[in-house]
Amino acid sequence: QALTWLGVSLLRLGDLHRAEPVLLRAHLAGILEASVEYGNTLRALGRLEDATGHFAVIQPSLTGELALRAQRWAGVTAFQMGQAEAGLSSVEQAWHGYLTLGQERVAANVMQTLARMYQQVNQSNRAARLYQQALAYLPGTPNPLPRLSALQGLLDLQILAGLFQEAEHTLTEARA
């Protein structure tokens, strides 16, 4: 389990090249969380085909939150490979799964992922609604970064749409 925590910490810090071998060892030791995060690391490293194959192998053995996490990252991987519809569908299903489990905070993070994906396929209205929904569940403390990220995404969309009054409100909220 310590290898998993170390690998996930390295992944969250963006030290992907150090995270990969640590998570691989934990994955090979049979730690399911490490298996999911190893796939996510492959995705983040740009090894999309390796990540896709990895997720296909591990997903049948996963349940609960780990299955939803793998579904999210497999969807993001598909999206990054140009399979926008399949990727969006997979991430939406993961989002709905987290809501069903009552994990609103994690669901809000998935909503941000979806919002960024919808931005990339020029569905700005859908992206803005997702950012606004996510903000209802993202606290400002103790870690304000997820909330600030959602506010920045929403602000970018508002500015691009010429919604300057709404953008000013969003900027004021971000400053607070």
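Let me begin by describing the structure that accompanies this report.

### As for the overall build of the protein
Across its full length, the protein carries 10 helices and zero strands. Relative to the globule expectation of 16 Å for 176 residues, the C-alpha radius of gyration of the protein, 17 Å, shows essentially globular dimensions. Viewed in the frame of its principal axes, the protein has a C-alpha envelope of about 55 × 35 × 30 Å. Of the contacts made within the protein by residues no fewer than 6 positions apart, 46% connect residues no fewer than 24 positions apart. As presented, the protein carries roughly 9,200 Å² of accessible surface, and 56% of it is formed by carbon and sulfur atoms. Charge centroids of the protein, computed over 13 positive and 14 negative side chains, lie 4 Å from each other.

### Side note on the packing of helix α5 (residues 64-80) against helix α6 (residues 84-100)
The N-to-C vectors of α5 and α6 enclose an angle of 160°; their axes lie 7 Å apart at closest approach. Between α5 and α6, the crossing angle belongs to the class labelled roughly antiparallel. With respect to the hand of their crossing, α5 and α6 are arranged in left-handed fashion. Contacts from Glu65, Leu68, Arg69, Gln71, Arg72, Gly75, Val76, Ala78 and Phe79 in α5 reach Ala84, Gly87, Leu88, Ser90, Val91, Gln93, Ala94, Gly97 and Tyr98 in α6. Classifying every residue of the contact of α5 with α6 gives nine nonpolar, six polar and three charged.

### Some points on the packing of helix α9 (residues 145-160) against helix α10 (residues 164-175)
Two elements in contact, α9 and α10, have axes separated by 9 Å at closest approach and are oriented at 165°. Between α9 and α10, the angle is such that the two are roughly antiparallel. Handedness of the crossing formed by α9 with α10: left-handed. Counting all contacts with α9, which are made through Arg147, Leu148, Leu151, Leu154, Leu155, Gln158 and Ile159, the residues of α10 involved are Phe164, Glu166, Ala167, Thr170, Leu171, Glu173 and Ala174. Split by residue class, the contact of α9 with α10 holds nine nonpolar, two polar and three charged.

### Comments concerning the nonpolar core
Formed by 47 residues in total, the largest nonpolar core has its most connected members in Phe55, Trp95, Leu114 and Leu130. Take this core: its biggest share by element is eight residues, from helix α7 (residues 104-120). Excluding anything up to four places from it in sequence, Leu114 contacts Leu88, Val91, Glu92, Trp95 and Leu130.

### What to know about the side chain of Glu20
Relative to the helices and strands, Glu20 is located in helix α2 (residues 16-28). The contacts of Glu20, once residues within four sequence positions are left out, are Tyr38, Thr41, Leu42, Leu45 and Arg47.

Rules used throughout
Along each chain, numbering runs from 1 in the same order as the chain's sequence is written. Whole-chain, interface and lining totals are the exception, using all residues; otherwise, since this is a predicted model, local features are given only for residues with pLDDT of at least 70 and side-chain atom pairs are given and counted only at 80 or more. In computing side-chain values, all of the structure's heavy atoms are included and hydrogens and water are not. Starting at the N terminus, helices and strands are each numbered in turn, a helix being any DSSP run of H or I of at least four residues and a strand any DSSP run of E of at least two. The globule rule used for comparison is 2.2 Å times the number of residues to the exponent 0.38, while the radius of gyration itself is calculated over C-alpha atoms. In this analysis, two residues are considered to be in contact whenever any of their non-hydrogen atoms come within 4.5 Å of each other. All accessible-area figures derive from a Shrake-Rupley calculation using a 1.4 Å probe, and residue coverage is judged against the displayed protein chains alone. For the purpose of charge, His is not counted, nor are the chain termini; Lys and Arg are scored as positive and Asp and Glu as negative. A charge is said to be at NZ when it belongs to Lys, at CZ for Arg, at CG for Asp and at CD for Glu. Structural elements are reduced to axes, namely lines fitted to C-alpha atoms, with helices fitted over the stretch in contact, and the angle between N-to-C directions of any two is expressed from 0 to 180 degrees. By the definition adopted for this analysis, an angle is roughly parallel if under 35 degrees, roughly antiparallel if over 145, roughly perpendicular if from 65 to 115, and oblique otherwise. If you view the pair so one helix is near and one far, a crossing is left-handed when the near helix is turned anticlockwise from the far one by less than a right angle, and right-handed when it is turned clockwise. All amino acids are sorted into three groups, where Ala, Val, Leu, Ile, Met, Phe, Trp, Tyr, Cys and Pro are nonpolar, Asp, Glu, Lys and Arg are charged, and the leftover types, Gly among them, are polar. To qualify as a nonpolar core, a set must consist of buried Ala, Val, Leu, Ile, Met, Phe, Trp, Tyr and Cys residues joined through side-chain atoms within 4.5 Å. Each residue is assigned to one of three classes by its accessible area relative to the maximum for its type, calculated with a 1.4 Å probe on protein chains only: buried under 20%, partly exposed between the two thresholds, exposed over 50%.

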